[in-house]
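# Residue-level structure breakdown
Letter by letter, the chains look like this.
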Amino acid sequence: MMDGYKDDDFKGIDQRLRDSSTDALFDAILLLKDREECYRFFQDIATVAEIKSLAQRLEVAKLLEKNVTYTTIAQSTGASTATISRVKRCLYFGADGYQMVLKRLEEKEKGGD
C-alpha cells in the first residue's frame, strides 16, 4: 500500500507517479471548466516550452494513429525521432492514456462538439 492506495488501484500506472501531490495536481486540473481556464492555469504552472512539448506529443500520437511516417511527423511537428519513438511506445504499450484521449477526441469530432 502506497500513500493510501491499494496495490490494485490504477492498474498500469507507474508507481512513481502515485502520491498525494500528484493527486492534488490532477484534482486541480479536473476542476478546470473550459479552455480559457486551462490556458490560465497551465500558463501559471508550467513554462511555455513544457506546455508546447505536451501539445506536440499529443499531435505526434494523433499522427501515429493515422500511420503517418516518422519523417513526415518530424517535419510537420518539429518532434525529434526520439520523441516520436517514445510517444509510439506509450501509444501502443503504455497505460492506454493516449488511446483513451484519442478515442474521446474522435468521438467529440464526430459529435460536432
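Reference entry: report on the structure contained in this document. Residue numbering note: each chain is counted from 1, following its sequence as written. Per-residue local features are limited, in this predicted model, to residues with pLDDT of at least 70; the limit for side-chain atom pairs, both in listing and counting, is 80 or more; totals at the level of whole chains, interfaces and linings are taken over all residues. Computation of side-chain values: all heavy atoms of the structure, hydrogens and water removed.

### Topic: the packing of aromatic side chains
Pairing of aromatic rings covers Phe, Tyr and Trp, the last counted by its six-membered ring, and requires centre-to-centre distances within 6.5 Å; plane angles under 30 degrees mean stacked, over 60 mean edge-to-face, and any other angle means tilted. Under the definition given, this model contains 1 aromatic pair. Judged by centre distance (5.6 Å) and plane angle (85°), the ring pair of Phe41 and Phe42 falls under edge-to-face.

### A short note on the environment of Phe42
Strands here are runs of E lasting at least two residues and helices are runs of H or I lasting at least four, both read from the DSSP assignment and numbered beginning at the N terminus. As for its placement among the helices and strands, Phe42 is situated in helix H2 (residues 35-45). As for Phe42 and Leu63, which are separated by 21 residues in sequence, their C-alpha atoms are 24 Å apart. Beyond its immediate chain neighbours, meaning those up to four positions away, Phe42 contacts Ile29, Leu32 and Ile51. The contact definition used throughout considers only heavy atoms, calling two residues in contact when any of these lie within 4.5 Å.

### Considering the packing of helix H5 (residues 81-93) against helix H6 (residues 97-111)
Helix axes are fitted to C-alpha atoms over the stretch in contact, other axes to C-alpha atoms as well, and angles between N-to-C directions run from 0 to 180 degrees. One can describe the packing of H5 onto H6 by two numbers: an axis separation of 6 Å at closest approach and a directional angle of 85°. Classified by the angle between their axes, H5 and H6 sit roughly perpendicular to one another. For the pair H5 and H6, the contacting residues are Val87, Cys90, Leu91 and Tyr92 in the first and Tyr98, Gln99 and Leu102 in the second. Convention used here: angles under 35 degrees read as roughly parallel, angles over 145 as roughly antiparallel, angles from 65 to 115 as roughly perpendicular, and any remaining angle as oblique.

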